[in-house]
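A look at the structure
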Amino acid sequence: MELTYTQEEEAFRTGLREWLAVALPKLPPKPSPDDWPGRRAYDTGWQRALHDAGYADVHWDASPTQRLIFLEETEKAGAPYVGANFVGLLHAGPTIAAEGTPEQRERWLAPILRGEEIWCQGFSEPDAGSDLASLRTRAVRDGDTYVVTGSKIWTSHAEVADWCELLVRTDPDAPKHRGISWLAMPMDAPGTTVRPLRTLAGSAEFAEVFLDEVRVPAANRVGEENDGWRVTMVTLSFERGTAFVGEVVACRRTLGALARTARADGRWDDPVLRRRLGRLNAEFGALWRLTQWNVSEATRTGGVPGVGGSVFKLRYSHARQELYDTAAEVLGPDALDLDREWTLDRLSSLSYTIAAGTSQIQRNIVAERVLGLPKGP
């Protein structure tokens, strides 16, 4: 299947390429991974440049096809990834655009697009495991506010965030999927404590967040009270839909570099390695075609990615892990050197079968919503 681009879409691609060729050489040096204030400034500065050039709203106001072109071309050009803007641009922003009130869209979307405010994701909890709907963080209504108590874990970019897309339980007596609400919580609210978590790769882009009677205005609820699970499915459809597009392009580029390295150091003579690289090439080619299909389907259904995103995320997670296992095979003993290219990527790839919904959860979604299989007892 080939996605056919219109003349207007090809013009968008050409204009984007021309702008990137001028803008990228002007970027300042990238800060070190541990310099989070510097990383925030770098990422928001790039977002402001995109805004001023007219590309900031591509993640939710542009068509799904233009979004695909944007992610493909920026990755090919080596442009900065969204970085600390990830949650706001790819999760919270699209969700507010799709589900928020006019007042909420006016309040939050423009600052995200201009790179003025950073968001984090407060979904996962220590005792919930893969079952997101088992969350226990409570929000009790008190007049025009919710009083929130509980804790979150793996809260992406909490250490530099201004806002948190927060899932809370507003009706503890309702079935677990029906008593949840989606709130926008200011991270400077009294009672909020952030403790960074260091990953296997040595980075600290996640944190634990503890909430002790934090007051959040009821006006910050996106969607109706207790309808947060449906709103969350909108958020996750974006997370599993086009959010990984740039990474597929990056993986295909890495695959080509692996093949060149194997030829240079003599490992290309191993027929098992060649078959493995060939199969991965076919795998990522198929994932790109699946991405195009998902974009076409999103265009047909109004712009929100569907369950095809779960099919993509499931297969991509495992393909990425296998890619970097193959990279370790090509590198040999150098795969233990943290300063070598691909080593840290291999460590981070281990999280992909857990992040954005575990592979077990994705299999359940595919089985029930795509194949129509009955739920287990």
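To be clear, the structure that these remarks concern was listed above.
First, a word on scope: everything that follows refers to the structure included in this document. If you're wondering where the values come from, they're calculated on a predicted model, not measured in any experiment.

With respect to the packing of helix α1 (residues 7-23) against helix α3 (residues 64-76)
Viewed as axis vectors pointing N to C, α1 and α3 meet at an angle of 30°, and their least axial separation amounts to 10 Å. One way to sum up the angle between α1 and α3 is to call them roughly parallel. In terms of crossing hand, the pair formed by α1 and α3 is right-handed. Residues Glu9, Phe12, Arg13, Leu16, Arg17 and Leu20 of α1 touch α3, and the partners they reach there are Thr65, Gln66, Ile69, Phe70, Glu72, Glu73 and Thr74. Of the residues contributing to the contact of α1 with α3, the split by class is 5 nonpolar, 3 polar and 5 charged.

Remarks on the nonpolar core
Core analysis: the largest hydrophobic core is formed by 41 residues, its most contacted members being Trp19, Trp46, Phe70, Phe284 and Leu323. It is helix α9 (residues 308-331) that contributes the most residues to this core, 9 residues altogether. Look past the residues within four positions of phenylalanine 284 in its chain and what remains in contact with it is Val248, Cys251, Arg252, Tyr316, Ala319, Arg320 and Leu323. Listed in part, the 28 residues of the second largest apolar core include Val87, Ala133, Ala184 and Val222.

Brief notes about the packing of aromatic side chains
With the rule as written, the count across this model stands at 9 aromatic pairs. Seen in terms of ring centroids, tryptophan 19 and tryptophan 46 are 5.5 Å apart; in terms of plane orientation they differ by 35°. Their pairing is tilted. On the criterion of sequence distance, the pair formed by tryptophan 19 in helix α1 and tryptophan 46 in helix α2 (residues 36-53) is long-range, its members being 27 residues apart. Taking 6.2 Å as the distance between ring centres and 50° as the angle between the ring planes, the aromatic pair formed by tyrosine 81 and phenylalanine 86 counts as tilted. Judged by its relative accessible area of 34%, tyrosine 81 is partly exposed. A residue is classified by how much of its surface remains accessible, and phenylalanine 86, at 17% relative accessible area, is buried. Ring pairing ties together the aromatic residues Phe12, Trp19, Trp46, Tyr55 and Phe70, which thus form one cluster. The ring of tryptophan 36 has arginine 39 sitting right over it, with the charged end atom 3.9 Å from the ring centre.

Some words on the environment of asparagine 281
Position of asparagine 281 among the secondary structure elements: in helix α8 (residues 271-300). By relative accessible area, asparagine 281 is classed as partly exposed at 46%. Here the alpha-carbon distance between asparagine 281 and glycine 256, two residues 25 residues apart in the chain, equals 8.7 Å.

Regarding the pattern of salt bridges
Tallied over the full model, the rule gives 22 salt bridges. Across the salt bridge formed by glutamate 99 and arginine 230, the nearest N and O atoms sit 2.9 Å from each other. Here the residue glutamate 99 occupies a position in helix α4 (residues 86-99), and arginine 230 occupies one in helix α6 (residues 228-241), the gap between them amounting to 131 residues. On the basis of relative accessibility, which here comes to 21%, the residue glutamate 99 falls in the partly exposed class. One salt bridge in this structure joins lysine 152 and glutamate 125, with 2.8 Å as the shortest N-O distance. Remark: glutamate 125 occurs in the loop between β1 (119-122) and β2 (138-142) and lysine 152 occurs in strand β3 (residues 145-152); sequence separation between them is 27 residues. Note on accessibility: lysine 152 and glutamate 125 belong to one class, buried. Where salt bridges share partners, they join Glu10, Arg13, Arg17, Glu72, Glu73 and Lys76 into one cluster.

As for α2
Here α2 is 18 residues long and its end C-alpha atoms lie 26 Å apart, about the 26 Å a rise of 1.5 Å per residue gives. Those residues of α2 that are buried are in contact with α1, α3, α4 and α5 (102-113). The residue sitting at the N-terminus of α2 and contributing the capping side-chain oxygen is aspartate 35; that oxygen lies 3.0 Å from the backbone nitrogen of glycine 38. Looking one or two residues beyond α2, the residue adopting positive phi is glycine 54, at roughly 90°.

Considerations on α1
An ideal rise of 1.5 Å per residue puts 24 Å on 17 residues; α1 measures up with 24 Å between its terminal C-alpha atoms. When we look at burial in α1, the residues that qualify are Glu9, Phe12, Arg13, Leu16, Trp19, Leu20 and Ala23. Buried residues of α1, seen end-on, are gathered within an arc of 135° and therefore sit on one face of the element. In α1, the exposed positions that point more than 90 degrees away from the buried face belong to Gln7, Glu18 and Ala21. For α1, the secondary structure elements touched by its buried residues are α2 and α3.

Criteria and thresholds
- Residues numbered from 1 in each chain as written.
- Predicted model: local features only at pLDDT ≥ 70, side-chain atom pairs only at ≥ 80, totals over all residues.
- Heavy atoms only, no water.
- Axes fitted to C-alpha atoms, helices over the stretch in contact; angles between N-to-C directions.
- Helix = DSSP H or I, 4+ residues; strand = E, 2+ residues; numbered from the N terminus.
- Parallel < 35°, antiparallel > 145°, perpendicular 65-115°, else oblique.
- Left-handed = near helix turned anticlockwise from the far one by under 90°.
- Contact = heavy atoms within 4.5 Å.
- Nonpolar A, V, L, I, M, F, W, Y, C, P; charged D, E, K, R; others polar.
- Core = buried A, V, L, I, M, F, W, Y, C linked by side-chain atoms within 4.5 Å.
- Buried < 20%, exposed > 50% of the residue type's maximum accessible area, 1.4 Å probe, protein only.
- Phe/Tyr/Trp six-rings, centres within 6.5 Å; stacked < 30°, edge-to-face > 60°.
- Lys NZ or Arg CZ within 6 Å of the ring centre and 35° of its normal.
- Salt bridge = Lys/Arg side-chain N within 4 Å of Asp/Glu carboxyl O.
- Expected span 1.5 Å × (residues − 1).
- Polar contact = N/O pair within 3.5 Å; in protein donor to acceptor, adjacent residues only side chain to side chain.
- Arc of directions from axis to C-beta.

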